[in-house]
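Coordinate inspection notes
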Amino acid sequence: QVQVVESGGGLVQPGGSLRLSCAASGSILGVRAMGWYRQAPGNQRELVANIQMDDNANYADSVKGRFTISRDNGKRTMALQMNSLKPDETAVYYCNMQLTTKGLTYREIWGQGSLVTVSS
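Here's a quick rundown of the structure. (Residues numbered from 1 in each chain as written. Predicted model: local features only at pLDDT ≥ 70, side-chain atom pairs only at ≥ 80, totals over all residues. Heavy atoms only, no water.)

1. Some words on the pattern of salt bridges
Per the counting criterion, the structure on display carries four salt bridges. Overlapping salt bridges, with partners in common, bring together Arg38, Glu46, Arg66 and Glu89 in one network. (Salt bridge = Lys/Arg side-chain N within 4 Å of Asp/Glu carboxyl O.)

And the structure:
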């Protein structure tokens, strides 16, 4: 059994900061890519940022310079530090992990989603 659990969503004022975390657990051999996606009401899910095993990170143009993605391979965790948040970034944020199980099976696992509301 493999699962990914998110934490850290909530309400923040425009211009504020929030940190999301994600942790994988279970019969895992290793985690390849990790990423954060978001889906606002009425919109498709979009990539916010992802990070590879070598810590090479990619960001959506809209969040560059404000968001920082990080990972801890030993702990199989990932975080997204979000600064200078804007109201239109209100969305459900999802953690995504691409991993190899101890049974040598590739799995793509999604977190349960964390609601981030940016509002005054």
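2. Examining the pairing of strand 4 (residues 28-39)
As defined by bridge partners, strand 4 adjoins strand 9 (residues 91-101) across nine bridges and the pair is classed as antiparallel. Note that in strand 9 the partner of Gly35 across the bridge is Asn96. Where strand 4 lies against strand 5 (residues 46-51), five bridges are found, and the strand directions are antiparallel. Looking at the pairing, Gly35 lines up with Asn50 of strand 5. If you look at the hairpin formed by strand 4 and strand 5, you'll find six residues sitting between the two strands, and Gly42 has a positive phi there, around 80°. (Pairing = 2+ DSSP bridges. Helix = DSSP H or I, 4+ residues; strand = E, 2+ residues; numbered from the N terminus.)

3. A short note on the nonpolar core
Grouped together as the largest cluster of nonpolar side chains are 30 residues, with contacts concentrated most on Trp36, Val48, Met78, Leu80, Met82, Tyr93 and Met97. Every element with two or more residues in this core is listed here: strand 1 (2-7), strand 3 (18-26), strand 4, strand 5, strand 7 (67-72), strand 8 (77-82), strand 9 and strand 11 (114-118). Counting residues per element, this core draws most heavily on strand 9, at five residues. (Core = buried A, V, L, I, M, F, W, Y, C linked by side-chain atoms within 4.5 Å. Buried < 20%, exposed > 50% of the residue type's maximum accessible area, 1.4 Å probe, protein only.)

4. Topic: the side chain of Arg71
Following the sequence through the fold, Arg71 ends up in strand 7. One buried charged residue, Arg71, remains without a salt bridge, the closest side chain of opposite sign being Asp55 at 4.8 Å. Separated by 2.6 Å, the side chain of Arg71 and the backbone oxygen of Arg32 make a polar contact. In this structure, Arg71 is in contact with Val31, Arg32, Ala33, Met34, Ile51, Gln52, Met53, Asp55, Thr77 and Met78, ignoring residues within four places of it in sequence. (Lys, Arg positive; Asp, Glu negative; His and termini not counted. Polar contact = N/O pair within 3.5 Å; in protein donor to acceptor, adjacent residues only side chain to side chain. Contact = heavy atoms within 4.5 Å.)

5. Brief notes about the sheet that holds strand 3
One key point about sheets: their strands pair by backbone hydrogen bonds, in either a parallel or an antiparallel sense. Reading across from one edge, 1-3-8-7 is the order of the four strands in this open sheet, with antiparallel pairing throughout. The open sheet has two edge strands with one neighbour each: strand 1 and strand 7. With strand direction ignored, the average angle separating the axes of adjacent strands in the sheet is 15°. As paired elements, strand 1 and strand 3 share six bridges and run antiparallel to each other. Within the sheet, the bridge partner assigned to Ser7 lies in strand 3 and is Ser21. (Axes fitted to C-alpha atoms, helices over the stretch in contact; angles between N-to-C directions.)

6. So, the packing of aromatic side chains
The geometry of an aromatic ring pair is captured by two quantities: the separation of the ring centres and the angle between the planes. Scanning the model with the defined rule gives two aromatic pairs in all. Their ring planes at 65° and their centres at 5.0 Å tell us that Tyr37 and Trp110 sit as a pair that is edge-to-face. You can see Tyr37 sitting in strand 4 and its partner Trp110 sitting in strand 10 (residues 106-110), a full 73 residues away along the chain. Taken together, the ring pairs connect Tyr37, Tyr94 and Trp110 into an aromatic cluster. It is Arg45 that lies over the ring of Tyr94; its NZ or CZ is 3.7 Å from the centre. Residue placement shows Arg45 over the ring face of Trp110; its charged tip is 4.6 Å from the ring centre. (Phe/Tyr/Trp six-rings, centres within 6.5 Å; stacked < 30°, edge-to-face > 60°. Lys NZ or Arg CZ within 6 Å of the ring centre and 35° of its normal.)

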